[in-house]
Structure formats: C-alpha cells, structure tokens
Amino acid sequence: MTVESVRPEDTTATAEPPVAGGAVPLLGHGWRLVRDPLAFLSQLRDHGDVVRLKLGPKTVYAVTTPALTGAVALSPDYIIAGPLWESLESLLGKEGVATANGTLHRRQRRTIQPAFRLDAIPAYGPIMAEEAYALVERWRDAGGVLDITYESFRVAVRVAARCLMRGGYMDAHADRICADLTTLFAGMYQRMVVPLGPLYKVPLPANREFNRALADLHVLVDEIVADRRASGQKPDDLLSALLEAKDDNGDPIGEQEIHDQVIAILTPGAETVGSTVMSLLLVLTEHPELGDKIRDEVKSVVGDRRVAFDDVRQLTYTANVVTETLRLYPAVWILTRRAVADTELGGYRIPKGADLIYSPYAIQRDRRSYERNEDFDPDRWLPERSKDVPKYAMSPFSVGNRKCPSDHFSMAELTLITAVVAQAYRFEQASDSDPRPRIGITLRPRRLMLRARPR
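Cut-off values and rules
- Residues numbered from 1 in each chain as written.
- Predicted model: local features only at pLDDT ≥ 70, side-chain atom pairs only at ≥ 80, totals over all residues.
- Heavy atoms only, no water.
- Axes fitted to C-alpha atoms, helices over the stretch in contact; angles between N-to-C directions.
- Helix = DSSP H or I, 4+ residues; strand = E, 2+ residues; numbered from the N terminus.
- Parallel < 35°, antiparallel > 145°, perpendicular 65-115°, else oblique.
- Left-handed = near helix turned anticlockwise from the far one by under 90°.
- Contact = heavy atoms within 4.5 Å.
- Nonpolar A, V, L, I, M, F, W, Y, C, P; charged D, E, K, R; others polar.
- Salt bridge = Lys/Arg side-chain N within 4 Å of Asp/Glu carboxyl O.
- Buried < 20%, exposed > 50% of the residue type's maximum accessible area, 1.4 Å probe, protein only.
- Expected span 1.5 Å × (residues − 1).
- Phe/Tyr/Trp six-rings, centres within 6.5 Å; stacked < 30°, edge-to-face > 60°.
- Lys NZ or Arg CZ within 6 Å of the ring centre and 35° of its normal.
- Pairing = 2+ DSSP bridges.
- Arc of directions from axis to C-beta.

1. Observations concerning the packing of helix α8 (residues 148–164) against helix α17 (residues 407–424)
- Two elements in contact, α8 and α17, have axes whose closest approach is 12 Å; the angle formed by their N-to-C orientations is 130 degrees. One way to sum up the angle between α8 and α17 is to call them oblique. Handedness of the crossing formed by α8 with α17: right-handed. Between α8 and α17, the residues in contact are Val 155, Ala 156, Val 159 and Cys 163 and Phe 409, Glu 413 and Ile 417, respectively.
- Partitioned by chemical class, the residues of the contact of α8 with α17 number six nonpolar, no polar and one charged.

Structure representation (structure tokens):
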C-alpha cells in the first residue's frame, strides 16, 4: 500500500475508528500508557489500522500501520502538535525548529541545514573520533563499574556541542545538560499521557525538581549564547549561523528564537543519541558475538591504526548493528500530530483539530513487517534482504519535511563510537544494573551499569 493510496480525494468518510479496550474512568487509556506503554501500543494494530484512545478528557487517534504513519508524516493536513509537543513546549518553546510549523519551520530548516549537508559532515569526523577514543581511555583509567547513563549522555553532549557550537566553555556545561535533561524527559512523558495540568503546579517534590531542571537548562542556554557573543569569535558552526540569521523581513531573528533553536540543537544531540548509545552498549553486552564481529570488521578495514571518520563508509556490519538497534530500541518511540482539516485516514473520518499518535517502536517491531520480528538480526539490513521491509516500516529519523536534519550526522557518530568501543572492550552487567526499558519521552535502558573488559 502506498502513501498515495491512503490519501483520499473524498474526505466525506463518516466511519469512526474503533475504541481500544481497557479504558478506565477519568484516566481513560492513560493508565495503560503509564503502566506498560510499549506492550499497549504494540497490540493496537490487532484492533484496527486506526483506533481511538482516551487520554484523560481527550480523544486521540492511534495510527498503527506503516503506510498510514507514512501518510500522516507526509501530508500537509497534519502538523507538529498534540500531546507530545504540548508536553515538550516548556522545554523546546514555540520558536525552535522542532516545534515550529509552516513558513517559520521552513526558514529555520534553511538556516540549520547547511551544518548537516553530506559534504559538511566529514569536517566533524576528527571531533567524533577524538571523543570516542576519549571515552575508551576514560573507561580504561576508571576501572570498576561504569554508569552508562552518565557516560552515554556525556559523549553525546560533547560531540553535539563541540561540532555544532564550538567552544571550550561547553566542557563546563556538559554535566549540567545531562542532569537537567534526565529529569525533564521523565516528567514530560507523564504530562503527555496523563494531561492533568493543574496537578503539575502543586509544589510536590517531583514537580519542584522538574521546575528546577527546566529553569537551569534555560539559564544554561542563555549562558552559552552570552559566552559566544562575549568571545567575539565567529567560527563556522551552527551557533554562528543562528546569531547571524535573518527573518523574512531581513532583520536579525529574535532572542527567543535563538534560545529555542539552541535548545533544539542540544536536546536531540543529548537525549536521542545518548539513549541510542545506551541501547547499543546493552546490545553489545547481551550479544557479545556482535562485538567480536565488529572487532574483526574494524581490524579488516582499519588494521592497527585508529578508526577514523573516513573508515565509517566501509564499516557496513557495524552500521547494520546500529540500524538494527534503532529498529528495536528507537529513542523516539512515540510521536503525535494534529489534523488541520477534516480528512480521512484508512477509511475513517479524522476531524479537524483531532490529535493523532503513533509509535515507531510498535511499527518497527510488527510481525507483519519483519520475519522473526523480536530477534536482533543485523543481517536483515543487507541489501538483498532490506528490500523486503515495507515502506515506512523503518523510519527512525522520520520522513518528509519533519525528517531529522542530523540523520547522517547521527549515523556517522553512532557507527564510529560503536566501532571504537567494540574494538576495545567486551561488556558485562554489574549486579545493580537494570536494563529494563525506561519510559520517558525517549526510550532507553533504566539503569545500565557495566564492567568494561579490555580485549
């Protein structure tokens, strides 16, 4: 089924999608999305291609098939909005590329896109390699048990900050960014699935900690911008592009837009890449044979020298391990959109103003799209096999005009880090490790504590 075949010419459909079972008074399906969201979302397709959910007083339309999620992502009838983005608004604001729509979003994409062009990414390679090897050296000196949450977010923040907002001042900020985002992304998921706004203003300990982290991150971003301006330097990086950007009238963009754009740079760089690094290390721990194969590939491609960015294109098995990790453990595991017109989807009426929700996690694990769908199999991404994967059944960076602009940047970074780490170490879980999924706005292991054993 193609996207075109599910985009109707006639929007007069009157059928309502079925309502998912299991709703409870007041909370609706929100309690199931808190209790076990991955299992709940993964079984929704058994009840229909589109089903209705109740989140508190709101009705939300869950989309469950690859073709229909592709249609939603590509159609101008659905914009970035809904429960996910409302919960993120206090962090991301309304003027950053992650949350903006329409002409503002298109202008912002034009501003940041040059930093992520394919021909621009190799310039970041030495920084990626330097940070990957610094990680390996720090683990060699540390000994004992490693807190992988801290280590993963630290390397992700440092790569994003050093590549896109160059400056030594980022060293002092990396730990604060990681701590703040950890608190914020946990609290925001709860605010999305149980949208009881007034209760989140009550000065309970969890609310106070959330507000403290939010305020600190916004102060931190203002410090980053102020430090760059005070330095008088204009390196060829994304922050300089933002500070020199013009609006549609040719005037400098406002301070709030600069602030929101910096947040939009730091957040995916820290949270989504950091979460994926955690999942990759869990995969290498649970499947040590993968690390052995990666080590052998690195030896074959690189020899005895250090892995460099130019080697990444030849590290095909390593890249396939990264891709399979993104399939089974997508950091961005849930997305929402809002209909801006009366429309139809899968034969059902979707009214203007309706919120839609869909799960890359559920789509990418669906037995209808993948043989042995729960198995970790990097070879499913070999060219002769990957052609059998249905369109839009694997979209970890999204599609259309909301596709993550840093997709190639992130894949190169993740492949390089995986190659360097797997070449150096085997991993074992410590007794206090808890690899179960931690459900927040992003998905990652709950508490991953590892011992790194030198090869």
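2. Focus on the environment of Val 307
- Considering the arrangement of structural elements, one finds Val 307 in the loop between α13 (288–302) and α14 (316–328).
- Between the C-alpha atoms of Val 307 and Tyr 133, which are 174 residues apart in sequence, the distance is 9.1 Å.
- If near-sequence neighbours (up to four positions away) are discounted, Val 307 is found in contact with Ala 129, Tyr 133, Val 298, Val 302, Leu 315, Leu 416, Val 420 and Gln 423.

3. Observations regarding the pattern of salt bridges
- Counting across every chain of the model gives 32 salt bridges.
- Glu 255 is the salt-bridge partner of Arg 229, the closest N and O atoms lying 2.9 Å from each other. One end of the pair, Arg 229, is in helix α10 (residues 205–231); the other, Glu 255, is in helix α12 (residues 255–286), and 26 residues separate them in sequence.
- Under the relative-accessibility criterion, Glu 255 is labelled partly exposed at 48%.
- One salt bridge connects Asp 377 with Arg 372, and the closest N-O pair in it is separated by 2.9 Å.
- By relative accessible area, which is 46% here, Arg 372 ends up partly exposed.

4. As for α10
- With 27 residues, α10 extends 39 Å from end C-alpha to end C-alpha; this agrees with the ideal 39 Å at 1.5 Å per step.
- By the burial criterion, the buried members of α10 are Asn 207, Phe 210, Ala 213, Leu 214, Leu 217, Leu 220, Val 221, Ile 224, Val 225 and Arg 228.
- Positive phi shows up at Gly 232, right after α10, with a value of about 70 degrees.

5. Some points on the packing of α14 against α17
- Interaxial distance between α14 and α17 falls to 9 Å at its minimum, and their mutual angle equals 115 degrees. Considered as vectors, α14 and α17 are oriented roughly perpendicular to each other. α14 and α17 meet at a crossing whose hand is right-handed. Between α14 and α17, the contacting residues are Thr 318, Ala 319, Val 322, Thr 323 and Leu 326 on the first element and Met 411, Leu 414, Thr 415, Thr 418 and Ala 419 on the second.
- Its residues assigned to classes, the contact of α14 with α17 comprises six nonpolar, four polar and no charged.

6. Regarding the packing of aromatic side chains
- A full pass over the atoms with the stated rule returns five aromatic pairs.
- Against the face of Tyr 370 rests Arg 327, its NZ or CZ located 4.6 Å from the ring centre.
- Its end group placed over the ring of Tyr 329, Arg 365 keeps NZ or CZ at 5.5 Å from the ring centre.

7. Topic: unusual backbone geometry
- The residue Arg 372 is not glycine, and still its phi comes out positive at about 45 degrees.
- Among the secondary structure elements, Arg 372 is positioned in the loop between α15 (360–364) and α16 (383–386).
- The phi angle at Tyr 392 is positive, at roughly 70 degrees, despite the residue not being glycine.
- Topologically, Tyr 392 is positioned in the loop between α16 and α17.

8. Considering the pairing of strand β1 (residues 50–55)
- Here six bridges tie β1 to strand β2 (residues 58–63), and the two strands are oriented antiparallel to one another. Across the sheet, the residue bridging to Leu 55 is Lys 58, located in β2.
- Between β1 and β2, which pair antiparallel one after the other, the connecting turn spans two residues, and Gly 56 there sits at a positive phi close to 60 degrees.

9. Side note on the sheet that holds strand β8 (residues 355–358)
- Strands sit in the order β1-β2-β8-β5-β3 across an open sheet of five strands; the sheet is mixed. Two strands bound the open sheet, and with one partner strand each, they are β1 and β3 (78–79).
- Of the strand pairs in this sheet, β2 and β8 are connected by three bridges, and their pairing is parallel. Each residue of the ladder has a partner; that of Val 60, found in β8, is Asp 355.
- Running at roughly 130 degrees to β8, helix α4 (residues 66–74) makes contact with β1, β2, β3, β5 (335–339) and β8 of the sheet.

10. A look at the sheet that holds strand β4 (residues 145–147)
- Across the sheet, three strands lie side by side as β4-β12-β9; this open sheet has antiparallel pairing. Because the sheet does not close on itself, it has two edges, and the strands there are β4 and β9 (425–429). Strand-to-strand twist across the sheet, computed as the mean angle between neighbouring axes with direction ignored, equals 45 degrees.
- Note that β9 and strand β12 (residues 449–454) share five bridges and pair antiparallel. Pairing of Phe 427 across the sheet is with Ala 452, part of β12.

11. Focus on the pairing of β12
- Here β4 runs beside β12; their pairing, made up of three bridges, is antiparallel. Following the sheet pairing, Val 145 is matched in β12 by Arg 451.

12. So, α13
- The end-to-end C-alpha distance of α13, which contains 15 residues, comes to 21 Å, matching closely the 21 Å that a straight helix rising 1.5 Å per residue would cover.
- Residues of α13 that are buried include every one of Leu 290, Gly 291, Ile 294, Glu 297, Val 298 and Val 302, and no others. Viewed along the axis of α13, the buried residues span an arc of 125 degrees, placing them on a single side of the element.
- Positive backbone phi, at 80 degrees, marks Gly 303, one or two positions downstream of α13.

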